[in-house]
Amino acid sequence: MQILIHSADAEQWQTAIAKALPAAEVVTSSAPLQARQRADYLVAWQPPGWLLEEQTGLKGIMNLGAGVDALLTNPSLPPGVPIVKLRDAGMAGPMIDYVRYAVLHFQRDFDRYAHQQGRLQWQPQPLVPKAEWSIGVLGLGAIGARVAQALATEGFPVHGWSRSPKALEGLICHHGKAGLKSLLGQVRSLVTLLPNTPETRGIIDAEALAALPEGASLINPGRGSLIDEAALLEALGPAEARNADSHASSHEARPATGHQGRLRGAVLDAFPHEPLPAESSLWRHPRVLITPHIAAPTPRDGALEQVIATLKAWQAGEPVPSVDPAAGY
Ligand code: GLV
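All values derive from a computational prediction rather than experimental measurement.

**A short note on the sheet that holds strand β11 (residues 265-268)**
- Pairing in this open sheet of 7 strands is parallel, and the strands run β8-β7-β6-β9-β10-β11-β12 from one edge to the other. The open sheet has two edge strands with one neighbour each: β8 (172-175) and β12 (288-290). Put simply, the sheet's adjacent strands are angled 15 degrees from each other on average, direction ignored.
- Pairing of strand β6 (residues 135-138) with strand β7 (residues 158-162) involves 4 bridges; the strand directions are parallel. Opposite I135, over in β7, you have V158 as the bridge partner.
- Across the face of the sheet, helix α7 (residues 142-153) comes into contact with β6 and β7 while running at roughly 165 degrees to β6.
- Strand contacts of helix α10 (residues 229-236): β10 (217-220), β11 and β12, with the helix running at about 145 degrees to β11, the strand carrying the most contacts.

Spelled out as structure tokens, the structure:
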């Protein structure tokens, strides 16, 4: 069996896989063409088109990440080859931390205190209890479900949303189009952890943002394609409009009024084009916190376990749950 690896840390993967599967021939995408051309399995994160085109005998692709969007939208992807993605694999822990930090950024008013510090302003904000800070988590897959349940365990009321009905302990579950609208109307922080599929592209558009209560916040550690950037900037409103707000106007999650500047702030980790282009206004908006797609890096140990189990199962002809290319996840 030949295994071909493509990732930024391909050599480390090569060593680890060769050690776990001593009978396999393990090569990286930087090996000479004749040495890498006849792979049975590809283990990769965002493989380039030329690499996919070279391979004619692939029997499976192991995606070194949770999202398979980059692979499924690659025009050189050979049709019919099963794709297996990582499921949690240790990513949920860091993701829970990232989302917790972002929620607290707003619930504990760190955004306002940062602004106040710039103005040498000593102004305590009244604390909104966790029990009154409802959170919406869109996407209840392996990672989204764990994030939602972790926040619920900490005392936040958590609404979860998925395409089809789900029942998860500790969560108020919604589904479908009507369910999304109902969720949006009642959350102070909205967390987007959906995969990038034709159905989810632009799901957070002007209408969705207008459905959020005034003063809500957006946290996107999922995919940039989920958010309509122009609508987001419009919902945030002018850079200066809200930061100076005192507790009096921002304390209540008020019903939608539709006017500009109703979104309190956003914490964003994923963008349609990465790195986020310098000309994006998001970089310069004072109520936007930007991180460079670091919410949940793939941990090699957790991922290795799944990669090896998948390769062994494939080799033994055992069934492995694979991605549904039509659904996009
Ligand atoms: C990262 O973005 C992943 O899909 O794992």
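**Describing the pattern of salt bridges**
- Within the structure shown, the criterion is met by 12 salt bridges.
- For D109, the salt bridge identified is with R112, shortest N-O distance 2.9 Å. The same class applies to D109 as to R112, namely buried.
- The partner of D109 in a salt bridge is R264, and the shortest N-O contact between them spans 3.0 Å. Taken together, the residues span a long stretch of sequence, with D109 in the loop between α5 (92-107) and α6 (110-118) and R264 in the loop between α11 (247-250) and β11 at a distance of 155 residues.

**Section: unusual backbone geometry**
- The linkage connecting E274 with the following residue, P275, adopts the cis geometry, with an omega of -5 degrees.
- By the secondary structure assignment, P275 is in the loop between β11 and β12.
- Of note in this structure, D88 is not a glycine but carries a positive phi near 65 degrees.
- Looking at where D88 falls in the secondary structure, it is placed in the loop between β5 (83-85) and α5.
- The phi torsion at A89 lies on the positive side, around 50 degrees, for a residue other than glycine.
- Among the residues examined, A89 registers a relative accessible area of 8% and is labelled buried.

**Observations regarding the packing of aromatic side chains**
- A full pass over the atoms with the stated rule returns 1 aromatic pair.
- Ring centres 5.2 Å apart and planes at 5 degrees place the aromatic pair Y41 and W314 in the stacked group. You can see Y41 sitting in strand β3 (residues 41-44) and its partner W314 sitting in helix α12 (residues 300-315), a full 273 residues away along the chain. Neither residue differs from the other here; Y41 and W314 are each classed as buried.

**So, the site of the ligand**
- The environment of the ligand is made up of W45, G65, A66, G67, M91, R223 and H293.
- A66 places a polar main-chain atom, nitrogen or oxygen, 2.7 Å from an oxygen atom of the ligand.
- Residue R223 places a side-chain N or O atom 2.7 Å away from an oxygen atom belonging to the ligand.
- Burial of the ligand by the protein chains amounts to 87% of its free accessible area of 190 Å².
- Residues that form the shell around the ligand fall into these classes: 3 nonpolar, 3 polar and 1 charged.

Cut-offs applied
- Residues numbered from 1 in each chain as written.
- Predicted model: local features only at pLDDT ≥ 70, side-chain atom pairs only at ≥ 80, totals over all residues.
- Heavy atoms only, no water.
- Pairing = 2+ DSSP bridges.
- Helix = DSSP H or I, 4+ residues; strand = E, 2+ residues; numbered from the N terminus.
- Axes fitted to C-alpha atoms, helices over the stretch in contact; angles between N-to-C directions.
- Contact = heavy atoms within 4.5 Å.
- Salt bridge = Lys/Arg side-chain N within 4 Å of Asp/Glu carboxyl O.
- Buried < 20%, exposed > 50% of the residue type's maximum accessible area, 1.4 Å probe, protein only.
- Phe/Tyr/Trp six-rings, centres within 6.5 Å; stacked < 30°, edge-to-face > 60°.
- Near = heavy atom within 4 Å.
- Polar contact = N/O pair within 3.5 Å; in protein donor to acceptor, adjacent residues only side chain to side chain.
- Areas by Shrake-Rupley, 256 points an atom, 1.4 Å probe, with all protein chains shown as cover.
- Nonpolar A, V, L, I, M, F, W, Y, C, P; charged D, E, K, R; others polar.

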